[in-house]
Amino acid sequence: MSFEQLKQNRDNAIQKLVAASATNTEKKDYGDDRMWKPTVDKAGNGYAVIRFLPAAEGEDLPWVRYWDHGFKGSTGRWYIERSLTSIGQQDPVSELNSQLWNTGRDEDKEIARQRKRRLHHVSNILVVSDSANPENEGKVFLYEYGKKIMDKIMDVMQPQFADETPVNPFDFWGGANFKLKIRQVEGYRNYDKSEFDTPSALFDGDEGQLENVYNQLHKLSEFTDPANYKSYADLKKKLFEVIGEADVANSFTTEQNIELNTTKEPVTPNSVESSTEAVASTSSSESDTGESDEDTLSYFAKLAQS
């Protein structure tokens, strides 16, 4: 939509975004200078203020989401790959995890937990304040975040109490700055204290500045473009190279191995979810890991290329 259409349609934006959040969905580039990452000190603490921005022209939502897997196999190699379930197709790791879980053995369930999917969201943001990197202030970036921050976004869009007014944090005029507060808790990054400020128009509603920002928004469609995902066959080959085909043979019956080694046709997202979420429903949530594993994943991605 154009800038004028964005302004005219803002009254219905919250309902549309809340509805979209109930449905599922990068070419992962750890050297992407479009990506902004918060800086933390030696104690693992960090602070910045950002503003979530609306959807770019031609796109419906101000965020996109995808899943990936990151784990070390018995061969000593790392598997760092995006999951085909992000685009509604079957994925060999999700299939293997389901089979591991269904053996009923505790040791297999633990392996499935270690190899579970991780949920990532990506949005456009404006960096309002970044004392560790002041050169970023006033610039538009892509920002990747996990479930904890997405929950805070949903909380302000659909508040639980009668005295709270819904806020669309992606809105230029009625949105709010987000105070990102990072702590190190039990060895992991924690975002619980992060919060939205009082709603206010970005740049005091100056339409010249707002339109300038709007024209700088990055397209998010690349993150769910099938062309940027490896094929089922390529991922299966990489998986076996990482975990060792002997491990697969020792873990399952002949019938199960035949099933895993057969390249599947793409299926609908609903079918994928029904077959893969058994692991998530009884283990720790797959979507809780994206934030705490961010730096580790970046490091191991380089190892995975070797």
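Residue positions are given per chain, counting from 1 as you read along its sequence in written order. Confidence filtering applies because this is a predicted model: local features only for residues at pLDDT of at least 70, side-chain atom pairs given and counted only at 80 or more, and all residues used for totals across whole chains, interfaces and linings. Hydrogens and water are ignored here; the side-chain numbers use all heavy atoms of the structure.

1. Remarks on helix 6 (residues 207–214)
Inference 1: Where helix 6 is concerned, the buried positions are Leu-210, Val-213 and Tyr-214. All buried residues of helix 6 project into a common sector of 105 degrees when viewed along the axis, lining one side.
Inference 2: The N-terminus of helix 6 is capped by Asp-206, whose side-chain oxygen sits 3.0 Å from the backbone nitrogen of Gly-208. Accessible area is worked out with a 1.4 Å probe on protein chains only. A residue is then buried under 20% of its type maximum, exposed over 50%, and partly exposed in between. For the purposes of this entry, the term helix denotes a DSSP run of H or I that reaches at least four residues, the term strand denotes a run of E that reaches at least two, and both are numbered from the N terminus. An arc is given here, and it is the one of the directions from the helix axis to the C-beta atoms. What qualifies as a polar contact is a pair of N or O atoms within 3.5 Å, subject to a donor-acceptor requirement within protein and to the restriction that residues adjacent in sequence count only when both atoms come from side chains.

2. A closer look at the pattern of salt bridges
Inference 1: In what follows, salt bridge is the name for a side-chain nitrogen of Lys or Arg lying within 4 Å of a carboxyl oxygen of Asp or Glu. Taken as a whole and assessed by the stated rule, the structure comprises 14 salt bridges.
Inference 2: Here Arg-34 makes a salt bridge to Asp-32, at a shortest N to O gap of 2.6 Å.
Inference 3: On the basis of relative accessible area, Asp-32 is assigned to the buried category, the value being 13%.
Inference 4: Salt bridges here are not isolated pairs; linked through shared partners, they connect Asp-32, Arg-34 and Glu-222.

3. A few points about the pairing of strand 5 (residues 118–129)
Inference 1: Where burial is concerned, most of strand 5 is hidden: 10 out of the 12 residues are buried.
Inference 2: At least two bridges found by DSSP between two strands are what make those strands a pair. Where strand 2 (residues 46–52) lies against strand 5, 4 bridges are found, and the strand directions are antiparallel. Paired with Phe-52 across the bridge in strand 5 is Ile-125.
Inference 3: Sheet topology places strand 5 next to strand 6 (residues 140–145); 6 bridges connect them, and they run antiparallel. By the bridge assignment for strand 6, Leu-126 is matched with Val-140.

4. Some points on the nonpolar core
Inference 1: Core analysis: the biggest nonpolar cluster contains 25 residues, and Trp-36, Phe-52, Tyr-143, Tyr-145, Ile-149 and Ile-153 have the highest contact counts within it.
Inference 2: At the level of elements, helix 2 (13–20), strand 2, strand 5, strand 6, helix 5 (147–157) and strand 7 (178–185) are the ones that each hand at least two residues to this core.
Inference 3: Residue contacts follow a heavy-atom distance rule, with two residues in contact if any of their heavy atoms lie within 4.5 Å. When residues no more than four places from it in sequence are discounted, the contact partners of Ile-153 are Phe-52, Tyr-145, Pro-169, Phe-170 and Phe-196.
Inference 4: Core analysis: the second largest hydrophobic core is formed by 22 residues, Leu-84, Val-122, Phe-223 and Leu-239 among them. In plain words, nonpolar cores are sets of buried Ala, Val, Leu, Ile, Met, Phe, Trp, Tyr and Cys residues tied together by side-chain atoms within 4.5 Å.

5. Some points on unusual backbone geometry
Inference 1: Non-glycine residue Glu-186 carries a positive phi angle of around 50 degrees.
Inference 2: Mapped onto the secondary structure, Glu-186 falls in the loop between strand 7 and strand 8 (188–190).
Inference 3: Here Asp-204, not a glycine, exhibits a phi torsion of approximately 55 degrees, which is positive.
Inference 4: Assignment of secondary structure puts Asp-204 in the loop between strand 9 (195–196) and helix 6.

6. Quick look at the environment of Ala-43
Inference 1: Topologically, Ala-43 is positioned in the loop between strand 1 (35–36) and strand 2.
Inference 2: Residue class for Ala-43 comes out partly exposed when judged on its relative accessible area of 47%.
Inference 3: Note: C-alpha distance between Ala-43 and Gln-184 (141 residues apart in sequence) is 7.0 Å.

7. Some details on the packing of aromatic side chains
Inference 1: Working definition: rings of Phe, Tyr and Trp (its six-membered ring) pair if their centres are within 6.5 Å, and the pair is stacked with planes under 30 degrees apart, edge-to-face with planes over 60 apart, and tilted otherwise. Evaluated as defined, the whole model comprises 13 aromatic pairs.
Inference 2: The interplanar angle of 15 degrees and the centroid separation of 5.2 Å between the aromatic rings of Phe-71 and Tyr-79 together place this pair among those described as stacked.
Inference 3: Site record: aromatic cluster; members linked through ring pairs are Trp-36, Phe-52, Trp-63, Tyr-143, Tyr-145, Phe-170, Phe-178 and Phe-196.
Inference 4: A positively charged side chain is recorded as over a ring if its NZ (Lys) or CZ (Arg) lies within 6 Å of the ring centre. The angle to the ring normal must also be within 35 degrees. Across the ring face of Tyr-229, the terminal group of Arg-82 is positioned such that the distance to the ring centre comes to 4.5 Å.
Inference 5: If you follow Lys-109 out to its NZ or CZ, it ends over the ring of Trp-101, 5.1 Å from the centre.

8. Comments concerning the environment of Ser-86
Inference 1: You can see Ser-86 is positioned in the loop between strand 4 (78–82) and helix 3 (92–102).
Inference 2: Spatially, the C-alpha atom of Ser-86 lies 5.7 Å from that of Trp-67, the residues being 19 residues apart in sequence.
Inference 3: Within the structure, Ser-86 has its side chain in polar contact with the backbone nitrogen of Trp-67 (distance 2.8 Å).

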